[in-house]
Protein chains: 2
Amino acid sequence: MEILKGACIIGQSGGPTAVINASAQGVIQTALANPNITRVLGAAHGIKGVLADKLYDMGQEDPAELDLLQFTPSSALGSCRYKLADPDVDDTDYQRILEIFKKYDVRYFFYNGGNDSMDTCNKISKYMQRVGYPCNVIGVPKTIDNDLSGTDHCPGYASAAKYIATSCMELYQDARVYDTGTIVVVEIMGRHAGWLAGAAALATWAGSGPDLVYLPEVDFDMDRFLADVKKVYDATGNCLVAVSEGIHYADGTFVSEAKTSATDGFGHAQLGGLAAMLAETIKQKMGVKVRGIELSLLQRCGSHLASKTDMDEAYLAGKAAVEAAVSGTTDHMVALDCRRDSSGYHCETKLVPLSQAANTEQKVPLAWINQAGNGVEQAFIDYALPLIQGEPQRPVEHALPRFSKLKKVLASGEV
Amino acid sequence: MEILKGACIIGQSGGPTAVINASAQGVIQTALANPNITRVLGAAHGIKGVLADKLYDMGQEDPAELDLLQFTPSSALGSCRYKLADPDVDDTDYQRILEIFKKYDVRYFFYNGGNDSMDTCNKISKYMQRVGYPCNVIGVPKTIDNDLSGTDHCPGYASAAKYIATSCMELYQDARVYDTGTIVVVEIMGRHAGWLAGAAALATWAGSGPDLVYLPEVDFDMDRFLADVKKVYDATGNCLVAVSEGIHYADGTFVSEAKTSATDGFGHAQLGGLAAMLAETIKQKMGVKVRGIELSLLQRCGSHLASKTDMDEAYLAGKAAVEAAVSGTTDHMVALDCRRDSSGYHCETKLVPLSQAANTEQKVPLAWINQAGNGVEQAFIDYALPLIQGEPQRPVEHALPRFSKLKKVLASGEV
């Protein structure tokens, strides 16, 4: 197999995470050190930066600032939610991408994102194959939702899970401080998968967490929910509830639906406002003090609570992508292959076809959710707990986070 | 002066903080070691525990668990919002408190809270003096709002400030990740004082924080606010705004008022829902993508981001309260006396009369707020920055917080 020599592009796409930049750092530093990669380009706002010919020359960055990327939340290069058309219907974008690839002699394309981003990556990969432009395309997984298939879990998930579990432990202490009783509903992200909401149960497992946890894998029933809450409140005088933003009734209607109408660029309903709505419903029904709390963006950018395991795996996924690409692999996504046994937790990377990862949602197995549909089984804890381990030595200045400061020098087209 | 010998009671009152238990630890451990204090009693849910004769025998706790109190958020003994009547109008509660004090031979009473709690403390102190029951009463300051007068700042404030500043730094990274632009409004606690909202400006000072910060010390004007936001958005394509829950129009009406009706036990309006309302107003006016985020309880129980300085000072305040009381002082609150000069930041304790601390609100000086009323001056930063310094070595188990577990053995009345 011919070894390609040329520039590479790294793009970040979709909702950011606490460690997505660790993957970028893994790609950039590995690519900068590789003799077959002549230039490392960072796409401004993912594929939109490619289309707009807005590419940063990562070789001009201060290496010390690149080292700080792993501690910097959100997408340092900028992200996008941009859906490429079906190339059979409209190949305008693809022609433009090819033009840019040729302009910069791009022979490696790395795209870091979730389901939709893997779809983008897959379409670009297939197009380049079809037009016979040699370019190795590798997806780097990222999503706090953990709903990407083909991988044990997804970089970004564990840090959000740790943020959620820690915050729920603290909230549990606070939410039961008065003897007058309070019911607190915490709304957690995750779309149609309950991986993040389930992480709230890690707090319960640790002795200070939600009494009830609702995942979207189980149809929601408002009467049963209210009865669950009443039972806990009657028995203990308080109740902490964690709900996934994606909970829905048996007919598929989102519980939050009445509250929202906006959609994102992919046509997904933008979820939110659910905690306040459920708290209000409980208040009307039970006449008790309630509070709705939405963890909102905090849970996906809480890098100060990042998992060291997650951070290291995110870096590793980026590094493995470059290594696979320069070894001649294309059209694949890096995945995590993990083992949990008596000797502990072990993780290494593997490669899965992009088509497998694109647009398939990995849900929490029903066997990991309890019979009552208001909590998780030990199997979920055994799965998630190893992922949140380890406290990174995050750099601070004046006791505040020291984030990476990139120069973002635009690359010129002259190769 | 006769040295009193007898039991002491420590009570926690009002909204909890990340380090209120550090003060409890300071009181309990200092009291347990003092030969003039025969028994250390923890009141369940503050003064309500005294009235209900529900007192925990702190001497029966595992010392290692007491050591963990400082890392445990919220009020470990339970809190309350209970307003004692004017004793001239109705002295029922006071008679009951005296009865309990006699039953347990209580000669020292320590009450840890904010303005309202210092009012409670002051009333009890004055009553005991009037009826000639020797008992030294010392208040221990606590409030995230930082609105207690007579003290440079209040234990609990700095940890909430650090949580707010760190979260805003992370949100700033996240809220500008797309090239499509977003306006994010973050709602911060603090009631009628802008100390906590101002802490968001520490993030801005550190290079990753709100573009605009609104404190309740300045009358709010919706048109000016919308113009401020538009100006930033037009110039940068994004805008992060921090607002205090207590912002109000010139006529005193809370901006959030339309959204809330509930009041707490002291008749204060319960504030909240403001971020969503302002975000919606911006959306209607500007037609851009918005998001409202309420830091809610998270900011007052975020012990994983506690300031070491705050934690140490909270402990010190509790310790100083016991030392003052056993030295014969009564009717005072411990206050923090601080110096910020070229040699750094220095803090020691002093004592102020309870009557001075009770029911007076300390606001942010207007000179510390910028001319436009949408940010703070360097004087605010110089004041707040030293307070958030230091990272405690917080204990974790399986990468999750290890909170103190108290046995809470009820004390019997036999002395």
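Attention here is on the structure that accompanies the text.

Cut-off values and rules
- Residues numbered from 1 in each chain as written.
- Chains lettered and ligands numbered in written order.
- Predicted model: local features only at pLDDT ≥ 70, side-chain atom pairs only at ≥ 80, totals over all residues.
- Heavy atoms only, no water.
- Pairing = 2+ DSSP bridges.
- Helix = DSSP H or I, 4+ residues; strand = E, 2+ residues; numbered from the N terminus.
- Axes fitted to C-alpha atoms, helices over the stretch in contact; angles between N-to-C directions.
- Contact = heavy atoms within 4.5 Å.
- Left-handed = near helix turned anticlockwise from the far one by under 90°.
- Nonpolar A, V, L, I, M, F, W, Y, C, P; charged D, E, K, R; others polar.
- Least-squares fit on C-alpha atoms with pLDDT ≥ 70 in both.
- 1 Å grid on protein atoms, 1.4 Å probe; cavity = no way out; pocket = protein on both sides within 12 Å on 5 of 7 lines; lining within 4 Å.
- Points joined across faces, edges and corners; volume = space filled by probe spheres on them.

This part takes up the sheet that holds strand S5 (residues 136-141) of chain A. Residues and elements named next belong to chain A. Strand order in this open sheet of seven strands is S3-S2-S1-S4-S5-S10-S11, and the pairing throughout is mixed. Looking along the sheet, the strands with just one partner apiece sit at the ends: strand S3 (55-57) and strand S11 (344-353). Across this sheet, the average inter-strand angle for adjacent strands is 30°, counted without regard to direction. Strand direction decides the pairing type here: strand S1 (residues 6-12) and strand S2 (residues 37-43), joined by five bridges, are parallel. Its bridge partner being in S2, Gly 6 is matched across the sheet by Ile 37. Seen against the sheet, helix H11 (residues 308-326) touches S2, strand S4 (106-113), S5, strand S10 (332-341) and S11 and runs at an angle of roughly 170° to S5.

All names here are of chain B. Across the interface, helix H1 (residues 20-32) lies against helix H11 (residues 308-326) with an axial gap of 7 Å and an inter-helix angle of 40°. The hand of the H1/H11 crossing is right-handed. Residue-level contacts link Ala 22, Ser 23, Gln 25, Gly 26, Val 27, Gln 29, Thr 30 and Ala 31 of H1 to Met 311, Ala 314, Tyr 315, Ala 317, Gly 318, Lys 319, Val 322 and Glu 323 of H11. In the contact of H1 with H11, the residues fall into eight nonpolar, six polar and two charged.

Quick look at the relation of the copies chain A and chain B now. When chain A is fitted to chain B, the residual RMSD is 0.0 Å, and the transformation amounts to a turn of 180° plus an axial shift of 0.0 Å. Expressed as a symmetry operation, the mapping of one chain copy onto the other fits a two-fold axis. The position closest to the rotation axis in chain A is occupied by the C-alpha of A:Glu294, lying 3.8 Å away. Take the interface residues of chain A: 100% of them recur as interface residues in chain B, which is what a same-surface contact looks like.

Turning our attention to the pairing of S10(A). Residue and element names in this part refer to chain A. One ladder, built from two bridges, connects S5 with S10; its direction is parallel. The residue bridging Ile 138 from the neighbouring strand is His 332, located in S10. Sheet topology note: the S10/S11 ladder contains 10 bridges and is antiparallel. Among the inter-strand pairings, Asp 341 is bridged to a residue of S11, identified as Gly 344.

Residues and elements named next belong to chain A. As summarised here, the arrangement of the four strands in space is S7-S8-S6-S9, forming an open sheet in which the pairing is parallel. Taken across any chain shown, the strands that pair with only one partner, and hence form the sheet edges, are strand S7 (212-214) and strand S9 (290-294). Neighbouring strand axes in the sheet, compared pairwise and without regard to direction, differ in orientation by 15° on average. Across three bridges, S7 lies against strand S8 (residues 239-244) in parallel orientation.

Let's shift gears to empty space enclosed by the protein. All chains considered together, the criterion is met by four cavities of 30 Å³ or more. Of the pockets and cavities examined, the largest cavity occupies roughly 90 Å³. Forming the walls of the largest cavity are B:Tyr214, B:Leu215, B:Val218, B:Asp219, B:Phe220, B:Asp221, B:Arg224, B:Phe225, B:Asp228, B:Ile247, B:Ala372 and B:Gly373. The class makeup of the residues in the lining of the largest cavity is seven nonpolar, one polar and four charged. By volume, the second largest cavity amounts to about 70 Å³. Every residue lining the second largest cavity is listed: A:Tyr214, A:Leu215, A:Val218, A:Asp219, A:Phe220, A:Asp221, A:Arg224, A:Phe225, A:Asp228, A:Ala372 and A:Gly373. If one sorts the elements of the lining of the second largest cavity by residue count, helix H8 (residues 222-236) of chain A sits on top with three residues. Across the lining of the second largest cavity, the residue classes break down as six nonpolar, one polar and four charged.

Keep in mind that these numbers describe shape and distance, not what the molecule does.
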